[in-house]
Amino acid sequence: MKLSSTFGTIRPGSKPDNWRRIEGRQWWLSLTGVLVSLLLTLGIVSFVLPAFIPGLGEYSIDTSLAVHGLVGLVLLFDLYVIFQQVQLFRVRKQSAEREELFRLITENAADLIAVVDGSGNRLYNSPSYQKFLGYSPEELSRTTGFEQIHPDDRQKVLEAAAEAKRSGVGRSVEYRIRHKDGHWIPLESTASVVRSSSGQVEKLVIVNRDITERKDLEKRLLLSHKLEAIGRLSGGVAHDFNNLLGVILGYCEELQKHIPPEDPYREAVDEIHNAGKRAASLTQQLLAFSRKQVLEPQVLELNSIVGEAEKMLGRLIGEDISLEIVPGRQIGTVKADRSQIERVILNLAVNARDAMPQGGKVTIETAEVELDETSHTLNRCSEPGPYVMLKVTDTGCGMDAELQSHIFEPFFTTKGQGTGLGLATVYGVVKQSGGYISVDSEPGKGTTFRIYLPRVSEAAGKIQEIEPSGKTIPAHRTVLLVEDEQALRKLTRKMLLDMGLTVLEAKDGFQAIEIANQRETPIDLLLTDVIMPGMNGRALAETLSPQRPEMKVLYMSGYSDGVIAKHGIVEAGISILRKPFTREELLQSVEDVAIGVAG
């Protein structure tokens, strides 16, 4: 139940007037009874008085007439008493019905209803006060209406009450009120004014609503918007940065080929190369957070992944922290990128380790769960249905609510070191995999992360070991290289030439089409960037493929923005070379596609 501010002042109307009519009827009945009693008394006096006063005998009335009159008055009085009792019964019945209705409303209303006088003293509190706040009516009666309000919110509540008294119209106000156990509950309150017949403010009727759930949803929505904005920025930066890293790593490899290990400058080159690889790993985390990395989903069993990671996790978290693996029995399979799920487990284990500097315990559990509308873990951001749960629990320092609201933000860290991308990466991977993540934590009581991935009905496939083919790229093959970043295009061209390939070079899709139209000899491989100005790589491949059915396509990309992969998931038959790539990775990818050309 919620009373809007449009109720304003309660003026004489339906219910107050009804009570006035009932009260007036009772007075009319009482006055009628007095009048009948007086008439009956007068009749008795007129009959009896002449017998005691002899001088009044000549004024006496006929005895039989007097008796008949008295009998008539008695009968009239009896009829009146019956009528009065019937009317009183009706009044009592109406009062009982109204009291029962009021009791049902107040005892079952979800909102907190209070009536206070002009000074804020409590006149009435609905039973929901004890249900939601824990205070008994006796405890509330000993305090004013403002005593349990948060000190920071007390002033605006006083101002709202003063405005309601002044204008006669209440407005909605949000504030925090203290529960009996000490924690604060956010409320939304609306006050209505009750005036006397003279127009003076007598009381305030206040309706409060618990808005804890709404506040939580607002925080989630705000966090979602914030993460989405940061994700778009970081995804775009990572894509451009990958091009630069490709140039740095490529030329470092060129220098390493020509600088012997004993050369004093070799160490500097090696350090540049290692820093480039660390930067490439950082960009992969940014892409994972922004949900723009390319996933290669497959049907997986979480129990096997957790089991394989157990030895590595034991070395990672240290000897002072015990690790317990609790695999679920006969849990279903999920469809996700194996390497990304392994990264999720690794990041959560590292996060748990850092929360227990003095040692503790990490527990990793898997289970099959069915979430429906009544599940307390189901929120509005997830869909009901079958899930496989991965739960990681630690006995560390825990987190308060304020800290929990920021943990999935990129670059947010309380450790004083690191990139702050660990949990942000976990969040991005889980969301891109179609699942969701929740966290439960209290200061000093540890932390529990629960990851829910949609369960699938397919059986998990076996992991096939990839063995080198031992084949080489057939001679006299032609590659059409399309890359808008000049430095990276120049480096890639040199690498391809070193492989013995003939290279046709284009800076964008339009130039590539022009080169292809002018060339009569076959083009064996189209090596193209995905994101380019004017025409993307997918559109270029779809334009050239009908004209050159023998041509294979290999895409280069720092991330997939949906052009070649829907929601970051690779389609069957599409090959992607992820930036930044090394000479060996380029050689392997081109070789795999070129062998297909050679049959």
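Scope of this entry: the structure provided in the associated data block.

Reading the values: rules and limits
- Throughout, residues of each chain are indexed from 1 in the direction in which the sequence is written.
- Selection of residues for local features in this predicted model requires a pLDDT of at least 70, selection of side-chain atom pairs for listing and counting requires 80 or more, and totals for whole chains, interfaces and linings are taken over all residues.
- Excluding hydrogens and water, the side-chain values take into account all heavy atoms of the structure.
- In this analysis, strands are considered paired if DSSP registers two or more bridges between them.
- Secondary structure elements follow DSSP: runs of H or I of four or more residues count as helices, runs of E of two or more count as strands, with numbering from the N terminus.
- Every angle, taken between N-to-C directions, lies between 0 and 180 degrees, and every axis is a line fitted to C-alpha atoms, over only the stretch in contact when it is a helix.
- We call two residues in contact whenever any of their non-hydrogen atoms come within 4.5 Å of each other.
- Residue exposure (1.4 Å probe, protein chains only): buried if accessible area is under 20% of the type maximum, exposed if over 50%, otherwise partly exposed.
- Of all possible arcs, the one meant is that of the directions from the helix axis to the C-beta atoms.
- We call two N or O atoms a polar contact when they sit within 3.5 Å, provided that within protein one can donate a hydrogen and the other can accept it, with sequence-adjacent residues counted only if both atoms are side-chain atoms.
- Should the near helix be turned anticlockwise from the far one by less than a right angle, the crossing is termed left-handed; should it be turned clockwise, right-handed.
- All amino acids are sorted into three groups, where Ala, Val, Leu, Ile, Met, Phe, Trp, Tyr, Cys and Pro are nonpolar, Asp, Glu, Lys and Arg are charged, and the leftover types, Gly among them, are polar.
- Working definition: a ring pair exists when centres of Phe, Tyr or Trp rings (six-membered ring for Trp) sit within 6.5 Å. Plane angles under 30 degrees give stacked, over 60 give edge-to-face, the rest tilted.
- Residues with no salt bridge and a relative accessible area higher than 30% make up the patches, which join like charges within 9 Å and nonpolar side chains (Val, Leu, Ile, Met, Phe, Trp, Tyr) within 5 Å.
- For accessible areas, the Shrake-Rupley method is used with a probe of radius 1.4 Å. Any residue's cover is judged against the shown protein chains and nothing else.
- Counted as salt bridges are all cases of a side-chain nitrogen of Lys or Arg within 4 Å of a carboxyl oxygen of Asp or Glu.
- Looking down the strands as they point away from the viewer, one classifies a crossover as right-handed if the path from the first strand across the helix to the second runs clockwise.
- These descriptions rest on fixed angle ranges, namely under 35 degrees for roughly parallel, over 145 for roughly antiparallel, 65 to 115 for roughly perpendicular, and the rest for oblique.

1. Section: the sheet that holds strand 19 (residues 576–578)
Strand order in this open sheet of 5 strands is 14-13-15-16-19, and the pairing throughout is parallel. Looking at strand neighbours, the two that pair on one side only are strand 14 (502–506) and strand 19, the edges of this open sheet. Across this sheet, the average inter-strand angle for adjacent strands is 20°, counted without regard to direction. Relative to strand 19, strand 16 (residues 552–557) runs parallel, the two being bridged by 3 bridges. Note on strand 19: the bridge partner recorded for tyrosine 555 is isoleucine 576. Sheet strands in contact with helix 12 (residues 486–498) are strand 13 (478–482), strand 14 and strand 15 (525–529), and its direction is about 165° off that of strand 14. Contacting strand 13 and strand 14, helix 13 (residues 509–518) runs over the sheet at an angle of about 135° to strand 14.

2. Details of the environment of threonine 582
Within the secondary structure, threonine 582 is located in the loop between strand 19 and helix 15 (583–598). Judged by its relative accessible area of 19%, threonine 582 falls in the buried class. Note: C-alpha distance between threonine 582 and glutamate 253 (329 residues apart in sequence) is 8.0 Å.

3. Some points on the pairing of strand 5 (residues 201–210)
In terms of strand pairing, strand 1 (residues 112–117) meets strand 5 through 6 bridges, oriented antiparallel. Looking across to strand 5, one finds that valine 115 is bridged to valine 205. Across 9 bridges, strand 4 (residues 184–195) lies against strand 5 in antiparallel orientation. Its bridge partner being in strand 5, valine 194 is matched across the sheet by lysine 203. Two successive antiparallel strands, strand 4 and strand 5, enclose a turn made up of 5 residues, where glycine 199 displays a positive phi of approximately 90°.

4. A closer look at helix 13
The periodicity of an α-helix, 3.6 residues per turn, causes residues three or four places apart in sequence to face the same way. Regarding helix 13, the residues found buried are Gly509, Ala512, Ile513, Ile515 and Ala516. For helix 13, the angular spread of buried residues about the axis comes to 165°, placing them on one side. Exposed and oriented more than 90 degrees from the buried face of helix 13 are Asn517 and Gln518. The secondary structure elements touched by the buried residues of helix 13 are strand 13, strand 14 and helix 14 (537–544). One side-chain oxygen at the N-terminal end of helix 13 lies 3.2 Å from the backbone nitrogen of phenylalanine 510; it belongs to aspartate 508.

5. With respect to the packing of helix 9 (residues 338–354) against helix 11 (residues 422–432)
Contact pair helix 9 / helix 11: the axes reach a minimum separation of 9 Å and the direction vectors enclose 145°. The way helix 9 lies across helix 11 gives a crossing that is left-handed. Where helix 9 approaches helix 11, its residues Gln340, Arg343, Val344, Asn347, Leu348 and Asn351 are matched on the opposing element by Gly422, Leu423, Thr425, Val426 and Val429. Broken down by class, the residue content of the contact of helix 9 with helix 11 amounts to 5 nonpolar, 5 polar and 1 charged.

6. Thoughts on the packing of aromatic side chains
Two measures describe an aromatic ring pair: the distance that separates the ring centres and the angle between the ring planes. Inspection of the entire model under this criterion finds 5 aromatic pairs. Where tyrosine 436 meets tyrosine 452, the ring centres are 5.0 Å apart and the plane angle is 15°; that geometry is what we call stacked. Within this pair, whereas tyrosine 436 is found in strand 11 (residues 436–441), its partner tyrosine 452 is found in strand 12 (residues 447–456), the two being separated by 16 residues in sequence. The burial state of tyrosine 436 is the same as that of tyrosine 452; both residues are buried. The rings of Tyr387, Tyr436 and Tyr452 are connected pair by pair, giving a single aromatic cluster.

7. A few points about a nonpolar patch on the surface
A contiguous nonpolar patch, built from Leu233, Val237, Phe241 and Leu244 and spanning about 360 Å² of accessible area, is present on the exposed surface. As for its position among the elements, valine 237 is in helix 6 (residues 212–258).

8. Details of the pairing of strand 14
Examined bridge by bridge, strand 13 and strand 14 share 5 bridges and lie parallel to one another. In the strand pairing of strand 14, valine 482 is matched with alanine 506. In this view, the connection linking strand 13 to its parallel neighbour strand 14 by way of helix 12 has right-handed handedness.

9. Let's talk about the packing of helix 8 (residues 302–317) against helix 9
Geometrically, a packed helix pair is captured by the angle between its two axes and the distance between the axes. Here helix 8 crosses helix 9 at 40°, and the two axes come no closer than 10 Å. What the angle tells us is that helix 8 and helix 9 run oblique. Between helix 8 and helix 9 the crossing geometry is right-handed. Across from Leu302, Ile305, Val306, Glu308, Met312, Leu313, Leu316 and Ile317 in helix 8, the residues of helix 9 making contact are Arg338, Ile341, Glu342, Ile345, Leu346, Ala349, Val350 and Arg353. In terms of residue class, the contact of helix 8 with helix 9 is made up of 12 nonpolar, no polar and 4 charged.

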